[in-house]
Amino acid sequence: MSQFHYRRRHFLFTAAGVTGAFLLKGCGPQVQETAQPTPAAEPGVAPEVTTIRLGFLPIVESAPLIIAKEKGFFAKYGMPGVEVVKQASWASARDNVVIGSAAGGIDGGMWQLPMPHLITEGVITNGQKVPMYVLAQLITQGNGIAIAGAHQGKGLHLRIQNPDYIKGFSRTNGRKFRAAFTFPGGNQELWIRYWLAANGIDPDKDIELLTVPPAETVQGMRTGTMDAFSTGDPWPFRIVNEGIGFLGALTAQMWPAHPEEYLAIRADWVDKHPKATLALLQAVMAAQQWCDDPANRQELATILAGRNYFNVPVAVLEPPFQGKYTLGDGQPEVNDFQMGPLYWQDRQGNVSYPYKSHELWFLTETMRWGLHNRFIKDMDQAKKLVDRVNRADLWLEAAKLSGIAQVPTGPSRGKETFFDGVTFDPDNPQQYLAQLQIKRA
Ligand code: CA
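Below is a short write-up of the structure.

## Re the environment of R388
Thought 1: Mapped onto the elements, R388 comes out in helix α17 (residues 379-389).
Thought 2: A sequence separation of 254 residues divides R388 from V134, and the C-alpha atoms of the two residues are 9.4 Å apart.
Thought 3: If we ignore the near neighbours within four places in the chain, the residues touching R388 are T120, E121 and Y133.
Thought 4: Of the polar contacts made by the side chain of R388, one reaches the side chain of E121; its length is 2.8 Å.

Take a look at the structure:
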């Protein structure tokens, strides 16, 4: 029995009344015109407001928000005024959600975990607590560890052949090996820490960890100011494609179908606008289904590549969306749709449903590294924080409104297995911590 407080539900919804709404395959660009009337448009369930400001960063994680806007899903569910607003960095997104849309900021958007939990507790906001709700997972996979080209031929792959190459780096180079991410304490930091530690390298002692602004990441790889970089598509792909470096590992190789980024919104906004929240969720779920349809992937790449969004050549987005990765440095190419970014369905089931067990992993990993000991003191506190922030109940309500028949039946996806054989049992996170060789906790 799970230790989570939750409302166990076994929804087997019928699709009555909304049959047409989610059979999007083959509908093409006419989907808005030909779709059935939707539940949110019916009397009594109209959203309280038709607008919200949602932040995004130009990486593939943002696709469901951009597609919900561009393909008219927000409008279809009664929210035509949703603004999808580009953020300069994770720090800007954080600052903008603290001030909220009334002051020119944002109400929510896409987040790396555990940012919503840290913002809720005031951990990364100078003590100012801004309660947030996690409403849906936006994406799985689509991230990677890029390595600078200077390290070719050294076996810095998923399983590092010679960890002493990194551990002894300062002896031969006068400085430690440098690994970077764009926001401290977010999942990008946790991915690169996991990869290094699983290979016997202590990320706090053997290397130097750096926070680098997004605009400087590729340049840093080029000039040699950093050796490894944890990031989302299309950047890992670009680094290989432009000859700057290679991919040490895809996060999909480290933890297949892993939790990646999430839709989270300020709790005060959600509490004030419960119907609009359901409408947003319905729109995002519809967009996620659209994004995963192979027939739509070319159009998806074209939309995201646009000037208002990623502002990149469409060619750099196409391969990751087909699960095609040239890892470089003599590694076999990956050519598997299931290894690329997925938005609705992966090998483990539903991508969109926000599992409490995944949020608990992020907080457990935060404890592993002692990142926020002052705020998240023990497992009991971590679980209570997950219980406050996770709103899978709203996700299930929205799924029911949309007639989605197959939904997860509980807050835990069960035991998770990583590439190094370590397992995380959400019912016994202490046992996970006990298995790990390198840790601060
Ligand atoms: Ca990411």
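## Description of the pattern of salt bridges
Thought 1: Enumeration over the complete set of coordinates arrives at 19 salt bridges.
Thought 2: Two residues, R222 and E242, come together in a salt bridge whose shortest N-O distance is 3.8 Å. Placement of the pair is R222 in helix α9 (residues 214-223) and E242 in the loop between α10 (235-241) and β9 (245-250), with a sequence separation of 20 residues.
Thought 3: Residue class for E242 comes out partly exposed when judged on its relative accessible area of 37%.
Thought 4: Residues K356 and D387 are paired through a salt bridge, measuring 2.6 Å at the closest nitrogen-oxygen approach. Highlighted residues: K356 in helix α16 (residues 356-368) and D387 in helix α17, separated in sequence by 31 residues.
Thought 5: The class of K356 is buried, set by a relative accessible area of 8%.

## A closer look at the coordination of the calcium ion
Thought 1: At the metal site, the calcium ion is ligated by E61 (OE), N143 (OD1), E260 (OE) and E261 (OE), and these contacts range over 2.1 to 2.6 Å.
Thought 2: All donor residues of the calcium ion come from one chain, and their arrangement in sequence is E-x81-N-x116-E-E. You can see N143 sitting in strand β5 (residues 143-148) and its partner E261 sitting in strand β10 (residues 259-266), a full 118 residues away along the chain. Each member of the pair, N143 as well as E261, is classed as buried.

## Concerning the nonpolar core
Thought 1: Within the largest apolar cluster, 128 residues are counted, with the highest numbers of intra-cluster contacts made by F74, W111, W195, L317 and W395.
Thought 2: The two domains that each donate at least three residues to this core are domain 1 (53-141 + 258-435) and domain 2 (143-253).
Thought 3: Those residues in contact with W195, other than ones at most four positions away along the chain, are I145, I147, L156, H157, L158, I160, A249, M254 and F419.
Thought 4: Judged by nonpolar contacts, the second largest core, of 19 residues, contains M226, F229, V240 and A252.

## Regarding the packing of aromatic side chains
To describe a pair of aromatic rings, you give the distance between the ring centres and the angle between the ring planes.
Thought 1: For the structure shown, the criterion picks out 18 aromatic pairs.
Thought 2: Geometrically, the ring pair formed by Y194 and F419 is edge-to-face, given 6.4 Å between the ring centres and 65° between the ring planes. Taken together, the residues Y194 in helix α8 (residues 187-198) and F419 in the loop between β15 (416-417) and β16 (423-424) connect sequence positions 225 residues apart.
Thought 3: Looking at Y194, the relative accessible area reads 2%, which means it is buried.
Thought 4: With relative accessibility at 10%, the residue F419 sits in the buried group.
Thought 5: With a centroid separation of 6.4 Å and an interplanar angle of 45°, the aromatic rings of F321 and Y343 are classed as tilted. Of the two residues, F321 is situated in helix α15 (residues 318-321) and Y343 in the loop between β12 (334-335) and β13 (345-346); the sequence distance between them amounts to 22 residues.
Thought 6: Aromatic ring contacts, followed pair by pair, group W191, Y194, W255, W361, F362, F418, F419, F424 and Y432 into a single cluster.

## Focus on the sheet that holds strand β7 (residues 208-211)
Pairing between the strands of a sheet comes from backbone hydrogen bonds, and it takes one of two forms, parallel or antiparallel.
Thought 1: Strand order in the open sheet formed by five strands is β7-β6-β8-β5-β9, with mixed pairing between adjacent strands. Since the sheet does not close on itself, it has two edges, and those belong to β7 and β9, each with one partner. Taking each pair of neighbouring strands and ignoring which way they run, the sheet shows an average axis angle of 30°.
Thought 2: Sheet topology note: the strand β6 (residues 178-181)/β7 ladder contains four bridges and is parallel. Directly across from R178, in β7, lies its bridge partner E208.

## A look at the sheet that holds β10
Thought 1: Sheet architecture is open: five strands sit in the order β2-β1-β3-β10-β4, paired in mixed fashion. Of all strands in the sheet, those bounded by a partner on one side alone are β2 (83-86) and β4 (132-140). When strand polarity is set aside, the average angle formed by the axes of neighbouring strands in this sheet is 30°.
Thought 2: As paired elements, β4 and β10 share seven bridges and run antiparallel to each other. The partner of Y133 across the bridge, within β10, is I265.
Thought 3: Here α8 sits on the sheet and contacts β3 (108-112) and β10; the angle it forms with β10, its principal contact strand, is near 160°.

Rules behind the numbers
Residues numbered from 1 in each chain as written. Predicted model: local features only at pLDDT ≥ 70, side-chain atom pairs only at ≥ 80, totals over all residues. Heavy atoms only, no water. Helix = DSSP H or I, 4+ residues; strand = E, 2+ residues; numbered from the N terminus. Contact = heavy atoms within 4.5 Å. Polar contact = N/O pair within 3.5 Å; in protein donor to acceptor, adjacent residues only side chain to side chain. Salt bridge = Lys/Arg side-chain N within 4 Å of Asp/Glu carboxyl O. Buried < 20%, exposed > 50% of the residue type's maximum accessible area, 1.4 Å probe, protein only. Donors = N, O, S within 2.8 Å, 3.2 Å for Na, K, Ca; no water. Core = buried A, V, L, I, M, F, W, Y, C linked by side-chain atoms within 4.5 Å. Domains from an automatic or database assignment. Phe/Tyr/Trp six-rings, centres within 6.5 Å; stacked < 30°, edge-to-face > 60°. Pairing = 2+ DSSP bridges. Axes fitted to C-alpha atoms, helices over the stretch in contact; angles between N-to-C directions.

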